[in-house]
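Next come the chains, spelled out residue by residue.
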Amino acid sequence: MSADATKNATMGTRQESVPASGTGQVLLAGHSVSLAFGSAQILDGVDVEVRSGEILALVGPNGAGKSTLLGVLAGDHEPSSGEVTLRGKPLASCGAKEAARQRGVLMQKQALSFGFLVRDVVMMGRAPWHRSPEAEFDETIVDASIKRADVEHLGSRNFPTLSGGEQARTAFARLLAQDTPVLMLDEPTAALDIHHQEQVLSVVREAADAGAAAVVVLHDLSLAAAYADQICVLAHGEVRAQGRPADVLTAELLSEVYAHPVQVLHHEDQIVIVPVRRPGGSR
Amino acid sequence: MTTVSAGLGLLRERVVGQLATKVGLFVVCGVLLVLVVLLSAGQGAVNVPPSEVIGSVLHKFGLGIGPMPTHPRGDDALWNVRFPRVTMAVLAGAALATAGAVMQGIFGNPLAEPGVVGVSSGAAVAAATVIVFDLDFAGTWTIAVAAFLGGLVTTFLVYLLSREGGRTEVVTLVLTGIALNAMTSAGLAFLLFMANTSAREEIVFWQLGSLNGARWEQVGVVAVLAVVGVAASVAMSRKLDLLALGDRAARHVGVDVEHLRLKAIVVVAMLTAAAVAFCGIIAFVGLVVPHLVRLVIGPGHRLLIPASALGGAVLLVAADLWARTAIVNADLPIGMLTSLVGGPFFFWLIRRARRTAGGWA
């Protein structure tokens, strides 16, 4: 039993494997979520479902409400109307600790007030499991998470002395250490080089394949196309399209939403999205 | 293979090294505390050597070991004057340093300190009000209760005024402190104006801070507040660590941030009241001690808080010894001394915070 649990722990997710084909159980959902700050309507009747075994990518232009939607789903903002459910239970009725055992959040910007070591920061991800049977695996899970986020060599460094990308990967390791069935990431690749972009999203992919439900805000549409099972295109606080990458990512829709001509190319079974540039450079 | 084992050895060495540093800090502080207490208790108009101080204590507890004080009034001086004073210094120092560590944790800012941001003077205004108007609603506890309420109100004020978007900027915090200190000094000035001569003297004592004339029943009150406050701080230390991530991220890892902060504010007010009630305003202890401790053993609150309590006790007993002996036959106000040393230290911290944060962030 213990050996099995350890194995699962090192895998990072405790769910049974499910086929990644859109049939997974809905773990996190927003139902007609609206949010207004003063007179500004940030979100307007948004419906999203994040399923076990799937990665949902939130894409859209600046100010579309992607990060706000993620914040609402994470419980940071109370929606003006509508409801968020975490594993079928209204999020508003979940305690902070209860929610933290179900979902982990990687924020866009990392902050730390004091000079904790990288390993200590990753260990903070284990906080929700303090005084639970899972706490037995704290060390194992933290070691595995540090490895998966590729920050092994930074283990004894001071977090504030790291570069932006290194901090983002350390925060990603913390998210993995939290070991939750729902993963929420706000632009996890923004500060990362191309190798680590791929690496971080591959790890999210692995977690989803092992049964986790992931929702990721992304700017890079080609990355979204490559890794997501479902894509939700937001614009002006509304869902413009939702579905499989190949169905949603069309030149017509994207050109309209981004107010810039965009072409969708297919290269070796991959969808590549590039803006249309004037010949001879954009100058 | 050899590189792996060498790496492991290095790692082990570092881990053991860290552990040794942590244990070492507690041992060194503990030994220092005992030494400085023995020295301080013996020092004064009636001089009692450390061996006789130990002897007197052992005799009191029914162990007839060690020499009794040879001076005819030695034993009396120890038990009626010195020990209450030294114990008060231990308690107030521990309370102030712990209050500083907790406050820095909830503000996410290493410059937060009860004296600097005006909490101590808020508590002192309330305590002075009790003296001037000769109020008595809780016996020996009256002043302490008033100080606690004054501290609570000011801590909430600082908190409400200086936080923005889940963080406290250095500059906002310091400016809030200036504004609050201005208001509380106006309050103290008014009370000074209202007071009769004896009350006026007592208020001057608040402003300067002193351990002179500490009595056992006062020590009892302070002991309760300080011990409960330090214990509560240690109990919330894990969550204070998580608060370093910022409000939102702390909530994401399961901290009920509002609840924790409310508890922490009450604890800070209680610890500040413990020190202010009978010793007046002693600033900068809560700034200097946690900072030095962080330099040695890192920012983890589980060790930072108890180590700060211990370090604060050492610092204040030593400062008190200095206050009594620096000038022959004069008992300098201890608050003056801590500010004299703490002020420049604060300067240095501000400069450093400014550099590392890349401006006034």
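Anything mentioned here points back to the structure above.
Residues numbered from 1 in each chain as written. Chains lettered and ligands numbered in written order. Predicted model: local features only at pLDDT ≥ 70, side-chain atom pairs only at ≥ 80, totals over all residues. Heavy atoms only, no water.

With respect to the nonpolar core
Among the nonpolar cores identified, the biggest contains 189 residues, and L28(A), F172(A), M184(A), I231(A) and W206(B) are the most heavily contacted of them. Not counting residues within four places of it along the chain, the set of residues in contact with I231(A) comprises L56(A), A57(A), V59(A), A224(A), A225(A), A241(A), Q242(A), G243(A), P245(A), V248(A) and L249(A). Counting ten residues, the second largest nonpolar core, distinct from the first, contains L111(B), F345(B), L349(B) and I350(B). (Core = buried A, V, L, I, M, F, W, Y, C linked by side-chain atoms within 4.5 Å. Buried < 20%, exposed > 50% of the residue type's maximum accessible area, 1.4 Å probe, protein only. Contact = heavy atoms within 4.5 Å.)

Some points on the interface of chain B and chain A
In this assembly, 24 residues from chain B lie in contact with 24 residues from chain A. A buried area of about 2000 Å², summed over both sides, lies between chain B and chain A, and 64% of it is on carbon and sulfur atoms. On the chain B side of the contact with chain A, L245(B), H252(B) and V253(B) bury the most area, a combined 31% of that side's loss. Linking chain B with chain A are one salt bridge, by the criterion used here. As a salt-bridge pair, R248(B) and D76(A) come within 2.7 Å of each other at their nearest N and O atoms. Counting across the chain B and chain A interface gives six residue pairs in polar contact (both at pLDDT 80 or more). For the side of chain B that touches chain A, the secondary structure elements donating two or more residues are α1 (2-42), α3 (74-107), α9 (237-243) and α10 (247-252) of chain B. Looking at which element gives the most residues to the side of chain B that touches chain A, the answer is α10(B), with four residues. When the residues that make up the side of chain B that touches chain A are grouped by side-chain class, the tally is eight nonpolar, eight polar and eight charged. (Buried area = accessible area lost by both parts, 1.4 Å probe. Salt bridge = Lys/Arg side-chain N within 4 Å of Asp/Glu carboxyl O. Polar contact = N/O pair within 3.5 Å; in protein donor to acceptor, adjacent residues only side chain to side chain. Helix = DSSP H or I, 4+ residues; strand = E, 2+ residues; numbered from the N terminus. Nonpolar A, V, L, I, M, F, W, Y, C, P; charged D, E, K, R; others polar.)

Brief notes about the sheet that holds strand β7 (residues 182-186) of chain A
Residue and element names in this part refer to chain A. One open sheet holds the six strands; their spatial order is β6-β7-β8-β3-β9-β10, and the pairing between them is mixed. Bordering the open sheet on either side are β6 (103-106) and β10 (238-243), each of which pairs with just one other strand. On average, each strand axis in the sheet is inclined to that of its neighbour by 15°, with strand direction left out of account. Contacts from helix α2 (residues 66-74) reach β3 (55-59), β6, β7, β8 (213-217) and β9 (230-235), with the element oriented near 150° to β7. (Pairing = 2+ DSSP bridges. Axes fitted to C-alpha atoms, helices over the stretch in contact; angles between N-to-C directions.)

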